Amino acid sequence: MNKKYIIPVVIFSILLLLPFGVQAVADLRGEKRFQPFDIFKDVVYTPIVREKKVAAAADSLDVKWRAAREAIAAGAEVADALEPVTSSLSDLEAAVLSVNTYAELDTSEARYKSLKLADTLISKLEDEPESFPQADSCIKALVADLGHVSLWRAFLDVKHYGVWTSRYLRAFENKIDDESAIVLALRPKYQLAVWNLFSDPGEKVVLGAAGDCIGKSCGREEAKPEDKWLFYRQDVEFLVQPSPLDVRSAKLDNPVKAIEKFRDQLKAKGVELLVVITPGKPSIYTERLTGRDSRVAGAGNAAAVGNAAGLQSHGKKILDSLTRAGFNTVDLYTPLLAAKSRDSVEGALYLNDDTHWTPRGAELAADVIAKKVREMVDAGIVKFRKTDDVRYIASDSIADRMGDVGEMSGLNKFNVFKVQKVTGHVVSQQNIKERTEKLPVDSTCVEAAKSACQKNDSCFTAQSALCERDTVLYDTSITPFKDDFRKSEILILGDSFSRIYQTDSPVNAGWIAHFAKNMNRPVASFVSDGGASTLVREKLARKASVLKGKKLLIWEFVERDLRFGAEGWKAIEF
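All of the points below concern the structure found in this document. (Residues numbered from 1 in each chain as written. Predicted model: local features only at pLDDT ≥ 70, side-chain atom pairs only at ≥ 80, totals over all residues. Heavy atoms only, no water.)

A closer look at the overall build of the protein chain
This is how the line gets drawn: Only DSSP runs of H or I reaching four residues or more are called helices, and only runs of E reaching two or more are called strands; each is numbered from the N terminus. Exposure categories follow from relative accessible area, calculated using a 1.4 Å probe and restricted to protein chains: below 20% of the type maximum is buried, above 50% is exposed, and the middle band is partly exposed. Residue contacts are counted whenever heavy atoms from the two residues lie within 4.5 Å of one another. Computed with a 1.4 Å probe, the accessible areas rest on the Shrake-Rupley method; for each residue, only the protein chains presented here act as cover.
Secondary structure assignment for the protein chain yields 26 helices and ten strands. Across the 574 residues that make up the protein chain, the buried fraction comes to 45%. By sequence separation, contacts in the protein chain at least 24 residues apart represent 76% of the contacts at least 6 residues apart. Of the accessible surface of the protein chain, which amounts to about 29800 Å², a share of 55% is contributed by carbon and sulfur atoms.

See below:
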């Protein structure tokens, strides 16, 4: 080799091995595993260990199921007897679904479907004891299939989910990228430098126009920090990419077909479906994203520009098509766009560095949804029983909110975006019990009875009885709002828009609690961040017994999920 090439080759080799070496030192010095070893481990070690775990979990399920059957036959409560079975089945699912360090079992596989079927059947047993033979047969089949170590099955899993597959390599690459010592050390500083130089908040975030800069050229330094508006890139991409129903989106699951099938499944169980599509922040505050005003768009004012864009979004069009097709729907676009006119007085409807609405936006949504439900009741579409013993009250509570879009940017560790204070209205349940208490006998009344009846005992007995007095007293207690699956006739499925302020600070101040307050009746809910398109329906399918006694299911999901929903829009069998 020519000597002049030696130094460049050495330098290139050092640079090539540097990330690997730094990561090896970081992993060996710390508590994390040495990630490159995962590849070798997942070829020869993980498959056998997993098979042993699966077999042990299947044996445990078999033992717990036999014990549960004996306990139920002896008269034990079904729910109590099945609790260990549910726990063992969950352990078996965890062992089967995690094929190796980076790959999950495909949902189309027979093992996956058998596990989900067993889960569903067990959850039904308490309310549908006639399904016991089917559950027994399903669990026995699972134990027979998975209750032994299979080298052939281990080989097939390595073949279909191993290191030579794209699903494994993509996950491995992402994990290396996320946990790389060099990346973790340099990325934050790089992000801060890019922000300071180019006002770029990162790949997941779109920087909107500050309030004072709408309609004019305005540098970042001229905008107040609290006026910076950040948008989640997926929210923006949903608006600018073709509609999920467009022919160019043919590879996507069709959300309308999934919604239609879900409606029909619920109708078969006597439950009405109400669809609530939540507008993304760019659909309501388009002018905050684009900075366009009337001089650009020819409209009356900047808000009118945003309103026009919001009413033409893919989400609104799909909502309108569902309404025309006879679905029960709630239009949140129109009232939210109209409410912007009072932002200067009441505050914005969405947080400026978050994907979600403010408490004001959540409460407005609760009002609109409750109004729609009352209209359905008046029209005879749903019929609820009377609930006179439950009342709800609300009280102010201030909470700190660190915006999720600000967190996505990675700049919050440098205090680029500040914590916002929000005032929520926490809903509590007011329980009122009526009781009757006897008051002391009125002596004046007794004396009058004696005088009137003279010595007639029967007369005196009758008249003195009228002197006894009862009073009605009301005992009131205040308890935190909570889901009530037993008493509620309304079930809510939702995403993070249903979670915000509800289960995170200030707690019980989300739209679900305010909807219950507006309706003056208990509700129950299943919520999954980013998973309202499919994941919450899968959860409901596993716990289908909660539909017992329900008359209405309200399904809330943000508009971007029509394209980007986790797990797509799969057809779920109940």
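Remarks on the nonpolar core
Rules: Note on terminology: a nonpolar core comprises buried Ala, Val, Leu, Ile, Met, Phe, Trp, Tyr and Cys residues joined through side-chain atoms within 4.5 Å.
Judged by nonpolar contacts, the single largest core of 51 residues is most densely connected at Trp357, Ile369, Val373, Trp511, Phe515, Leu552 and Ile554. The set of elements that each furnish at least two residues to this core consists of β3 (272-278), α17 (333-339), α19 (359-378), β5 (390-401), β6 (420-439), β8 (490-494), α24 (511-519) and β10 (552-558). With eight residues, the single largest contributor to this core is α19. Within the second largest apolar cluster, 30 residues are counted, among which are Ala95, Val99, Ala103 and Leu115.

Things to note about helix α7 (residues 151-161)
Put simply, the rule reads: Working definition: the arc comes from the directions between the helix axis and the C-beta atoms, pointing outward to the latter.
Within α7, burial applies to Arg153, Ala154, Asp157, Val158 and Tyr161. Taken end-on, α7 shows its buried residues confined to a sector of 140°, consistent with a single buried face. Residues Leu151 and Trp152 are exposed on α7 and point more than 90 degrees away from its buried face. Looking at the packing, one finds that the buried side of α7 touches α2 (37-44), α3 (46-73), α5 (110-124), α6 (132-146) and α8 (166-179).

A few points about the packing of α2 against α3
Stated precisely, the cut-off is as follows: A fitted line through C-alpha atoms represents every axis, and for helices the fit uses only the stretch in contact; the resulting angles, taken between N-to-C directions, go from 0 to 180 degrees. An angle below 35 degrees is treated as roughly parallel, one above 145 as roughly antiparallel, one from 65 to 115 as roughly perpendicular, and anything else as oblique. Charged residues are taken to be Asp, Glu, Lys and Arg, nonpolar residues to be Ala, Val, Leu, Ile, Met, Phe, Trp, Tyr, Cys and Pro, and polar residues to be all remaining types, Gly included.
Between α2 and α3, whose axes approach to 4 Å, the crossing angle comes to 55°. What the angle tells us is that α2 and α3 run oblique. Along the contact surface, α2 presents Lys41, Asp42, Val43 and Val44, while α3 presents Thr46, Pro47 and Ile48. Residue composition of the contact of α2 with α3, by class: four nonpolar, one polar and two charged.

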